Amino acid sequence: MLEKIGDVYIGIITELTIACGLLCTQQPATENPAPTLTADQAALQRANQRIKTLESEVKALKKTKAKKPSKHVVKRKHKAPKLAQTYEVTAYTNGTESTGKSAGDPEYGITASGARTKTGHTIACPPSMAFGTLLYIEGVGVRTCEDRGGAITEGHIDLYVAGVAEAQAFGRQRLKAEIITK
């Protein structure tokens with residue numbers, strides 16, 4: 001049982017009752033639910049985000065490429081190189097020992113570029129060099145990139161020679177070579 005202790009006690013109960021009434025009857029705040037996206041709208045949002053990412057990557061690559069000048073291209077006619085890169089240079093022939101093709105094969109003597117092999121002219125180069133690229137090779141001279149090969153990787157060049165004995169005599173050498181332009 002509660003006893004009445006003057007006006008103060010009743011005043012506190014009255015205030016508590018009013019406060020409780022307000023809290024109990026108060027409606028929760030209405031939240032705006034996130035809009036539901038269709039599958040197409042969600043895919044479009046992802047695509048737009050990917051485009052922004054790719055644009056940023058392209059800008060970064062352009063800055064990087066602009067700062068790095070090519071060290072391989074030298075504009076001059078067939079002169080000895082000033083700046084050269086060292087390559088592992090070997091020699092190959094049209095025969096089965098080098099290409100797996102025999103003299104009766106219709107592709108015998110045909111390079112990956114479609115040109116016929118020529119002594120003193122044709123070389124097999126890594127995929128980073130375009131067909132038609134001219135190289136000045138130390139002690140060898142100017143040769144044209146016209147062929148590829150399964151064993152021709154970056155830093156490797158294969159000279160075309162007419163015979164197996166010549167290829168074996170050439171062996172495996174580390175020579176300086178430089179890409180040149182006409």
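Presented here is a report on the structure given in the accompanying data block. Note that this is a predicted model, so its numbers are computed, not measured.

Notes on the overall build of the protein chain
Okay, step 1: Summing up its helical and strand segments, the protein chain has three helices and seven strands in all.
Okay, step 2: Taken from the N to the C terminus, the helices and strands of the protein chain come in the order α-α-β-β-β-β-β-β-α-β.
Okay, step 3: With 182 residues in all, the protein chain has 24% of them scored as buried.
Okay, step 4: In the protein chain, the share of contacts with a sequence separation of at least 24, taken over all contacts with a separation of at least 6, comes to 63%.
Okay, step 5: Here the protein chain has roughly 13300 Å² of accessible surface; of this, 57% comes from carbon and sulfur atoms.

With respect to the pattern of salt bridges
Okay, step 1: All told, the structure shown has one salt bridge when counted by the stated rule.
Okay, step 2: Two residues, Arg172 and Glu88, come together in a salt bridge whose shortest N-O distance is 2.1 Å. Of this pair, Arg172 sits in the loop between helix H3 (164-170) and strand S7 (173-181) while Glu88 sits in strand S2 (residues 85-92), placing them 84 residues apart in sequence.
Okay, step 3: The exposure class assigned to Arg172 is exposed, which follows from its relative accessible area of 60%.
Okay, step 4: Of the residues examined, Glu88 reaches a relative accessible area of 25% and is grouped as partly exposed.

Quick notes on the side chain of Asp158
Okay, step 1: For Asp158, the location among the structural elements is in strand S6 (residues 156-160).
Okay, step 2: Buried and unpaired, Asp158 has no salt bridge, with Arg172 as the nearest side chain of opposite charge at 8.1 Å.
Okay, step 3: A distance of 2.6 Å separates a polar atom in the side chain of Asp158 from a polar atom in the side chain of Thr90.
Okay, step 4: If we skip the residues at most four places from it in the chain, Asp158 touches Thr90, Ala91, Tyr92, Ile123, Ala124 and Ile152.

A few points about the pairing of strand S4 (residues 134-137)
Okay, step 1: Residues Leu134 and Tyr136 point to one face of S4 and Leu135 and Ile137 to the other, with burial holding for every one of them.
Okay, step 2: Sheet analysis places S4 next to strand S5 (residues 141-147), joined by four bridges and oriented antiparallel. Considered in S5, the bridge of Ile137 is made with Gly141.
Okay, step 3: In textbook terms, the turn of a hairpin is the stretch between consecutive antiparallel strands, and for S4 and S5 this stretch comprises three residues, one of which, Gly139, has a positive phi near 75 degrees.

Parameters and conventions
Residues numbered from 1 in each chain as written. Predicted model: local features only at pLDDT ≥ 70, side-chain atom pairs only at ≥ 80, totals over all residues. Heavy atoms only, no water. Helix = DSSP H or I, 4+ residues; strand = E, 2+ residues; numbered from the N terminus. Buried < 20%, exposed > 50% of the residue type's maximum accessible area, 1.4 Å probe, protein only. Contact = heavy atoms within 4.5 Å. Areas by Shrake-Rupley, 256 points an atom, 1.4 Å probe, with all protein chains shown as cover. Salt bridge = Lys/Arg side-chain N within 4 Å of Asp/Glu carboxyl O. Lys, Arg positive; Asp, Glu negative; His and termini not counted. Polar contact = N/O pair within 3.5 Å; in protein donor to acceptor, adjacent residues only side chain to side chain. Pairing = 2+ DSSP bridges.

Treat this as a map of the structure, not an account of what it does.
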